Amino acid sequence: MYKLYNVKRCGSLSAHLVLEELGVPYQNIWLTMEQVRAPEFREISPLNMVPALGLPDGRAITESAAIVAFLTDAHPEAGLAPPTGSDDHAVYLSSLVFMANNIYPAIDLAFDARRLADSEEQNSAIRRKSLQKSLELFAMMEARLAEDGPFVVGERYSAADIYLFMLTIWGHPSEQAVLERFPHIARVAAHVRARPRLKAALDTHGALEIQTAEAA
Ligand SMILES: N[C@@H](CCC(=O)N[C@@H](CS)C(=O)NCC(=O)O)C(=O)O
């Protein structure tokens, strides 16, 4: 059975939603950030980060995009990814890695850049630039959806839409502001939110409703 190391409203939300969509058995292990940062967790996740996915053979893997792609490819019958080896699958993988490598870190730094900053002033400057960067990257996704949508991989709903949804809930200055600015992304997010199989998991992450408040 898979084991999902999960923190509410964090990067593990993508893997959590994918596991729910797939309907495969898994053990959900809720963690606090303190537990994620504890030295013992390094055995599971070398950078002390979630998500991590325990595999049936006892090993664990990290990196949200890899976990999502692995799960959807390991369970192709659910149709959450295009067939491996197809051109659509190439677009699927590229989209997941694009979002994970670019949008995710930009949003992360827009929240808090203290790990890269020597002063509060630098922290604010990096946060401001990262927010701008995240909006530029969302705009690129928006343009792609407008051109080749309605989903990240064209006509086909996939786990890449779930991943994009996860990024929107962390939106700056607020989730609502991002959705209002990018209507094609908002449609993807609404589609994910309306998936009946995802309702309970979304609820546990406090992500059933659009957050209107400014992010801290
Ligand atoms: N590249 C990683 C990034 C994962 C990541 O940044 N996770 C955050 C939570 S959203 C984390 O675990 N942070 C640990 C900390 O803040 O100490 C991925 O895509 O999985």
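Residues numbered from 1 in each chain as written. Predicted model: local features only at pLDDT ≥ 70, side-chain atom pairs only at ≥ 80, totals over all residues. Heavy atoms only, no water.

Per an unreviewed UniProt entry, the chain goes by Glutathione S-transferase family protein and derives from Taklimakanibacter albus.

1. Focus on the overall build of the chain
The helix and strand tally for the chain stands at nine helices and four strands. Its C-alpha radius of gyration of 17 Å places the chain within 12% of the 17 Å reference for a compact globule of 216 residues. A burial count over the chain gives 47% of its 216 residues as buried. Of all intrachain contacts in the chain linking residues separated by at least 6 positions in sequence, the fraction that spans at least 24 positions is 65%. For the chain, the exposed area adds up to about 10800 Å²; of that, 53% sits on carbon and sulfur atoms. Positive and negative side-chain charges in the chain, numbering 20 and 27 respectively, have mean positions lying 3 Å apart. (Helix = DSSP H or I, 4+ residues; strand = E, 2+ residues; numbered from the N terminus. Rg over C-alpha atoms; globule rule 2.2 N^0.38 Å. Buried < 20%, exposed > 50% of the residue type's maximum accessible area, 1.4 Å probe, protein only. Contact = heavy atoms within 4.5 Å. Areas by Shrake-Rupley, 256 points an atom, 1.4 Å probe, with all protein chains shown as cover. Lys, Arg positive; Asp, Glu negative; His and termini not counted. Charge placed at Lys NZ, Arg CZ, Asp CG, Glu CD.)

2. Let's talk about the site of the ligand
All residues adjacent to the ligand are Cys10, Gly11, Met33, Arg37, Asn48, Met49, Val50, Pro51, Glu63, Ser64 and Tyr104. Contacts to the ligand include Arg37, whose side-chain N or O atom sits 2.5 Å from an oxygen atom. Across the complex, the protein chains shield 80% of the 520 Å² of accessible surface that the ligand would expose by itself. When atoms are counted within 2 Å of each cavity's grid points, the one that captures over half of the ligand is the largest pocket. (Near = heavy atom within 4 Å. Polar contact = N/O pair within 3.5 Å; in protein donor to acceptor, adjacent residues only side chain to side chain. 1 Å grid on protein atoms, 1.4 Å probe; cavity = no way out; pocket = protein on both sides within 12 Å on 5 of 7 lines; lining within 4 Å. Sits in = over half its atoms within 2 Å of the grid points.)

3. A short note on the nonpolar core
Residues Phe138, Tyr163, Leu164 and Leu167 are the most contacted members of the largest nonpolar core, which totals 58 residues. Per-element tally for this core: the top contributor is helix H6 (residues 159-169), with nine residues. Looking at which domains feed residues into this core, each of domain 1 (2-78) and domain 2 (87-204) supplies at least three. Other than its neighbours up to four places away in sequence, Phe138 contacts Ile103, Ile107, Leu164, Leu167, Thr168, Val178, Phe182 and Ile185. (Core = buried A, V, L, I, M, F, W, Y, C linked by side-chain atoms within 4.5 Å. Domains from an automatic or database assignment.)

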